[in-house]
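This is what each chain is made of:
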Amino acid sequence: MNITSLTQYKEQYEAHKDDTAWLETCKEYEWFNFPTKALEGNFNDANVTWFNDGKLNITVNALDRHAKNTPNKIAIIWEPNNPEDKEIKITYKELLERVCKFANVLKDQGVKKGDPVCFYMSMIPELLVGALACARIGAIHSIVFGGFSAKALAGRIEDSSVKFVITNDEGPRGDKKIPLKEICDQAISMCSCVEKVLVVRRTFANLDYNEKHIIINDLLEKASSTFEPVVMNSEDPLFILYTSGSTGKPKGLLHTTAGFMVWSNQTFKNVFQAKDNDIFWCSADIGWITGHSYMTYGPLISGATQVMFEGIPTFPDPGRFWNIIDKYKVTHFYTAPTAIRALQACEDRFYKEADLNSLKVLGSVGEPINIEAWNWYHENIGKNKCPIVDTWWQTETGGIMISNLAGVTKAIACHATNPLPGVFPILVDADGNEIKDKKASGNLCISKPWPGMARTIYGDHQRYIDTYLSTYAGNYFTGDGAKRDENGNYRITGRVDDVINVSGHRIGTAEVEDAINKHELIIESAVVGMPHEIKGQGIMAYAISKGSHADIMSQINSHLVEQLGPIAKLDKLVITTGLPKTRSGKIMRRILRKLAAGDKDNLGDISTLVNPQVVEELINKL
Ligand code: PRX
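Peer 1: What exactly am I supposed to notice about the pattern of salt bridges here?
Peer 2: Two side chains bearing opposite charge may form a pair once their charged atoms approach each other closely. Inspection of the entire model under this criterion finds 29 salt bridges. We note a salt bridge from Lys-448 to Asp-19, for which the minimum N-O separation is 3.9 Å. Taken as a pair, Lys-448 in the loop between strand 22 (440-446) and strand 23 (456-457) and Asp-19 in the loop between helix 1 (6-15) and helix 2 (21-26) lie far apart in primary sequence, 429 residues in all. Here Asp-19 falls in the buried class, since its relative accessible area comes to 16%.

And the structure:
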């Protein structure tokens, strides 16, 4: 599917009301067995498959065919954390060889088809190569973002009974080095399932290694550079990726091979409209879904050239992103509103000193973008000539669902605009009825399965059904609220469940509460999102403590860093004598959210509270 005009978009949208239209798109890929079936199953039976009788290996599509047709084309330009260090350019031929070498090492270490393999690494080429090597041999990669704590990592390792963990010694990040191997060792000491830890030495720091550790740098060097791709069924698992939900335990969303391949690639192609010689840069970490779909798979399947960046936007100074764009003549730049706002807050000279003329398309992902950030991005980075694609999607969706197509369909500031072909969004009201009016606002659901959707929560299909498919029977519930204008353009307004979006990353309030409640000074807590200038949403906790302690906020924050990681740090803590509760003992979070947003005059009906005096106390404390 190649959409290059508005008419084609409309035609394709119509055509994909019939799911068999996807079989035509499947012809763009190489298969061992071409599928004859498109969609089977539905949201009611909660057992959806796509292209079920197909056989393929996703890496043949991401690597072999380009290594054959355009072997010397650069696949990855790796920009190290320190700008004085030399970049690494990897051609498609070299990338295939590296992936095969890695696959051979995995096989030699005992990794087999269907084994979950956990990666806890920083943004070095071996992370991308290792993930693809898993796909080559049919193992399931489970990548955990390198900013999570040992406890959080351990939970994710145990949940999928991982035997093999891959890490690197340290991850350079700005002027710091993240002790990845050390954190990994702590995590493993809490798990009983891990047999081997494969370590890539990145900084060559002098660390202790024991019999579980296998340093793989030399093994990778010496391994054979060929590896026959394992034949996978379309519905064989490709990866697990954990994300926060509204209960304490993270969910391991499972994506399968063919549907994810088609979705990550078709959305990449049609949303970004990158041409042959363009340079694509997605600034997300591979530890998040954006790095899976728009760095590891989508662009490589298209044979694109992309930048992979090890560092952070503000090191050595806030001009780093803009310098990288100039250095590699990046044409397509995809980042999150939180990064845009953080850079917008820095001195103008940082972007003014850059040329930025190579840019053609800008992208935004992860959270609603505010108009000030949109305008700043459009004017100062895109020089008023680059369309901004505001791409709405989720870990669960596998790829972009609602977005304008760069230069093809109309961009509207702060609007994701239109659904992609194959995406059928609806808005539902509080009673669960579909709102038929064009202009409306409500909870966003998707009414029909699409190829890229996660098929289950690893090891807990019932939770998958309960979380996504039960709230509005027959539909997938996104957890987001949205507005639709009279022309059918969608604007995503944010989460309507107990999930906070901090700097474009999801964190469940229950997860933070569980962690806070484990602290010895805390009796009970309630966590809500609060408006935050840079992060979009910050984390605010109301807590009942044992006695008074001057430095309680910093104590709780170091505890949260240990339990969950730096992402979970509180932006505000209010110590209270009680939490507003209903007669049934439920915390009335609506009130806490309103207070967090400074909206104390609109608290609504509080007559059902058993302890209304607490509201007064909280108002006085804020
Ligand atoms: O609330 C929506 C928000 O991010 C959530 C998904 O988070 P995650 O699974 O971590 O994936 C982030 C990267 C796709 C959504 O439920 N979100 C994502 N993109 C947008 C957005 N909100 C508004 N506009 C967007 N473009």
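Let us keep going from here.
Peer 1: In this structure, what is going on with unusual backbone geometry? I would like to understand it.
Peer 2: In most cases, non-glycine residues show a negative phi, while peptide bonds are predominantly trans. Phe-315 connects to Pro-316 through a cis peptide bond whose omega is 0 degrees. By secondary structure assignment, the location of Pro-316 is in the loop between strand 17 (305-309) and helix 11 (320-328). One non-glycine residue, Gln-273, lies in positive phi territory at about 55 degrees. Following the sequence through the fold, Gln-273 ends up in the loop between helix 9 (257-272) and strand 16 (279-282). Here the phi dihedral of Asn-384 falls at roughly 60 degrees; this positive angle occurs in a residue that is not glycine.

Peer 1: Even after reading the chapter, I still don't get the site of the ligand, so can you show me in this structure?
Peer 2: As a structural note, the neighbourhood of the ligand is formed by 17 residues, with Asp-390, Thr-391, Thr-395, Asp-480 and Arg-495 the closest of them. With respect to the ligand, the backbone of Pro-368 contributes an N or O atom lying 3.4 Å from a nitrogen atom. Between the ligand and Thr-395, the relevant distance is 2.5 Å, taken from an oxygen atom to a side-chain nitrogen or oxygen of the residue. About the coverage of the ligand: the protein hides 96% of its 540 Å² of free accessible area. Contributions of two or more residues to the shell around the ligand are made by helix 10 (289-302), strand 20 (388-391) and strand 25 (490-495).

Peer 1: Would you mind going over the packing of helix 4 (residues 92-108) against helix 5 (residues 125-137) with me for this structure?
Peer 2: The axes of two packed helices give the description: the angle between them and the distance between them. Helix 5 packs onto helix 4 with a crossing angle of 65 degrees between their chain directions and a minimal axis gap of 8 Å. For the element pair helix 4 / helix 5, the angle class is roughly perpendicular. The interaxial crossing formed by helix 4 with helix 5 has right-handed handedness. Here Leu-95, Leu-96, Arg-98, Val-99, Cys-100, Phe-102, Ala-103 and Leu-106 of helix 4 lie close against helix 5, whose contacting residues are Pro-125, Glu-126, Leu-128, Val-129, Gly-130, Leu-132, Ala-133, Cys-134, Arg-136 and Ile-137. In terms of residue class, the contact of helix 4 with helix 5 is made up of 14 nonpolar, 1 polar and 3 charged.

Peer 1: Got a minute to help me understand the layout of surface pockets in this structure?
Peer 2: It is a probe the size of a water molecule, rolled over the atoms, that shows where empty space is left. Counted as a void, the second largest pocket has a volume near 570 Å³. Around the second largest pocket, the lining is made up of 23 residues, and of these Asn-418, Pro-419, Lys-438, Asn-487 and Gly-488 lie nearest the centre. The element best represented in the lining of the second largest pocket is helix 1, accounting for 5 residues. Here the residues of the lining of the second largest pocket are counted per class, giving 9 nonpolar, 6 polar and 8 charged.

Peer 1: Would you explain empty space enclosed by the protein in this entry?
Peer 2: Within this structure, the stated rule accounts for 6 cavities of 30 Å³ or more. One number sums up the size of the largest cavity: a volume of about 60 Å³. Taken together, Phe-148, Ser-244, Trp-288, Arg-506, Ile-507, Glu-511, Leu-564, Gly-565, Ile-567 and Ala-568 make up the lining of the largest cavity. In terms of residue class, the lining of the largest cavity is built from 6 nonpolar, 2 polar and 2 charged. Counting contributing residues per domain, the lining of the largest cavity is built from domain 1 (6-77 + 91-390) and domain 2 (500-621), each supplying no fewer than three. Approximately 50 Å³ is the volume found for the second largest cavity. Sort the elements by how many residues they give to the lining of the second largest cavity and helix 9 lands first, with 4 residues. In terms of residue class, the lining of the second largest cavity is built from 5 nonpolar, 3 polar and no charged.

Peer 1: I tried to follow the side chain of Glu-511 on my own but got confused; where do I start?
Peer 2: Tracing the sequence through the fold places Glu-511 in helix 16 (residues 509-517). An unpaired buried charge is present at Glu-511: no salt bridge exists, and Arg-156, the closest side chain of opposite charge, is 4.2 Å distant. When near neighbours in sequence (up to four residues on either side) are disregarded, Glu-511 contacts Arg-156, Ser-244, Thr-247, Gly-248, Pro-250 and Leu-564.

Peer 1: Help me out: how do you make sense of the sheet that holds strand 16 in this one?
Peer 2: Each strand in a sheet pairs with another by means of backbone hydrogen bonds, the pair being arranged parallel or else antiparallel. Taken in spatial order, the 7 strands line up as 5-4-17-16-18-19-20 in an open sheet, and their pairing is mixed. One side of each edge strand has no neighbouring strand; the edge strands of this open sheet are strand 5 (88-91) and strand 20. Averaged over all pairs of adjacent strands, the angle between their axes in this sheet comes to 20 degrees, without regard to strand direction. Where strand 16 and strand 17 come together, 3 bridges link them in parallel fashion.

Peer 1: It is not clear to me how the domain arrangement of the chain should be interpreted in this structure. Could you clarify?
Peer 2: It is common to report an interface's size as the accessible area lost on association of the parts. Here the chain is partitioned into domain 1 (6-77 + 91-390) and domain 2 (500-621). For domain 1 versus domain 2, the separation of C-alpha centres amounts to 34 Å. On the domain 2 side, the residues contacting the 22 residues of domain 1 number 21 residues. With both chains or domains summed, domain 1 and domain 2 bury close to 1,500 Å², and 48% of this area falls on carbon and sulfur atoms.

Peer 1: Looking at this model, I keep getting lost on the packing of aromatic side chains. Mind explaining?
Peer 2: When we look at a pair of aromatic rings, we describe it by the centre distance and by the angle of the planes. Within the structure shown, the criterion is met by 31 aromatic pairs. Ring centres of Trp-50 and Phe-51 lie 5.6 Å apart, and the angle between their planes is 55 degrees; on these two criteria the pair is classed as tilted. In this structure Trp-50 comes out as buried when scored by relative accessible area, which is 1%. Residue class for Phe-51 comes out buried when judged on its relative accessible area of 0%. Relative to Phe-272, the ring of Phe-268 lies with its centre 5.9 Å away and its plane at 40 degrees, an arrangement referred to as tilted. Taken together, the residues span about one helical turn, with Phe-268 and Phe-272 both in helix 9 at a distance of 4 residues. Looking at Phe-272, the relative accessible area reads 1%, which means it is buried.

Peer 1: Please explain helix 14 (residues 371-381) as it appears in this structure.
Peer 2: The periodicity of an α-helix, 3.6 residues per turn, causes residues three or four places apart in sequence to face the same way. Residues Ala-373, Trp-374, Trp-376, Tyr-377, His-378, Asn-380 and Ile-381 constitute the buried set of helix 14. On its buried face, helix 14 is in contact with helix 11, strand 18 (332-335), helix 12 (337-344), helix 13 (349-352), strand 19 (361-365) and strand 20. Two residues or fewer after helix 14 comes Lys-383, characterised by a positive phi angle close to 50 degrees.

Definitions and cut-offs
- Along each chain, residues carry numbers from 1 onward, in the same order as the chain's sequence is written.
- For a predicted model such as this one, the threshold for reporting local features is a pLDDT of at least 70, and the threshold for listing and counting side-chain atom pairs is 80 or more; totals across whole chains, interfaces and linings nevertheless cover every residue.
- Side-chain numbers come from the whole structure's heavy atoms, not from hydrogens or water.
- Here, a salt bridge means any side-chain nitrogen of Lys or Arg that lies within 4 Å of a carboxyl oxygen of Asp or Glu.
- Only DSSP runs of H or I with at least four residues qualify as helices, and only runs of E with at least two residues qualify as strands; both kinds are numbered from the N terminus onward.
- Buried residues are those whose accessible area, probed at 1.4 Å on protein chains only, stays under 20% of the maximum for their type, while exposed residues exceed 50% and partly exposed ones sit between those limits.
- We call a residue near a given molecule or strand whenever any one of its heavy atoms falls within 4 Å of it.
- Polar contact is defined as a pair of N or O atoms within 3.5 Å, subject to the rule that within protein one atom must be able to donate a hydrogen and the other to accept it, and that residues adjacent in sequence are counted only when both atoms are side-chain atoms.
- Per-residue accessibility takes into account occlusion by the displayed protein chains alone, with areas from the Shrake-Rupley method and a 1.4 Å probe.
- Here an axis means a line fitted to C-alpha atoms, over the contact stretch when the element is a helix, while the angle between two N-to-C directions is reported on a 0 to 180 degree scale.
- Throughout, the term roughly parallel applies to angles under 35 degrees, roughly antiparallel to angles over 145, roughly perpendicular to angles from 65 to 115, and oblique to all others.
- Helix crossings get a hand from a simple test, with the near helix turned counterclockwise from the far one by less than a right angle marking a left-handed crossing and a clockwise turn marking a right-handed one.
- Residues count as neighbours in contact if any of their non-hydrogen atoms are within 4.5 Å of one another.
- In this count, Pro and Cys sit with the nonpolar residues alongside Ala, Val, Leu, Ile, Met, Phe, Trp and Tyr, while Asp, Glu, Lys and Arg are called charged and the others, Gly among them, polar.
- Put plainly, a pocket is an open set of points on a 1 Å grid over the protein atoms alone with protein on both sides within 12 Å along at least five of seven lines, a cavity is a set where a 1.4 Å probe fits but cannot get out, and a lining residue has an atom within 4 Å of a point.
- Grid points are joined across faces, edges and corners, and a volume is the space filled by probe spheres set on the points.
- Throughout the structure description, domain borders are defined by an automatic or database domain assignment.
- Only four residue types enter the tally: Lys and Arg on the positive side, Asp and Glu on the negative side, with His and both chain ends excluded.
- Pairing between strands requires that DSSP locate at least two bridges from one strand to the other.
- A simple way to read buried area is as the amount of 1.4 Å-probe accessible surface that goes missing from two parts once joined, with both sides added.
- Pairing of aromatic rings covers Phe, Tyr and Trp, the last counted by its six-membered ring, and requires centre-to-centre distances within 6.5 Å; plane angles under 30 degrees mean stacked, over 60 mean edge-to-face, and any other angle means tilted.

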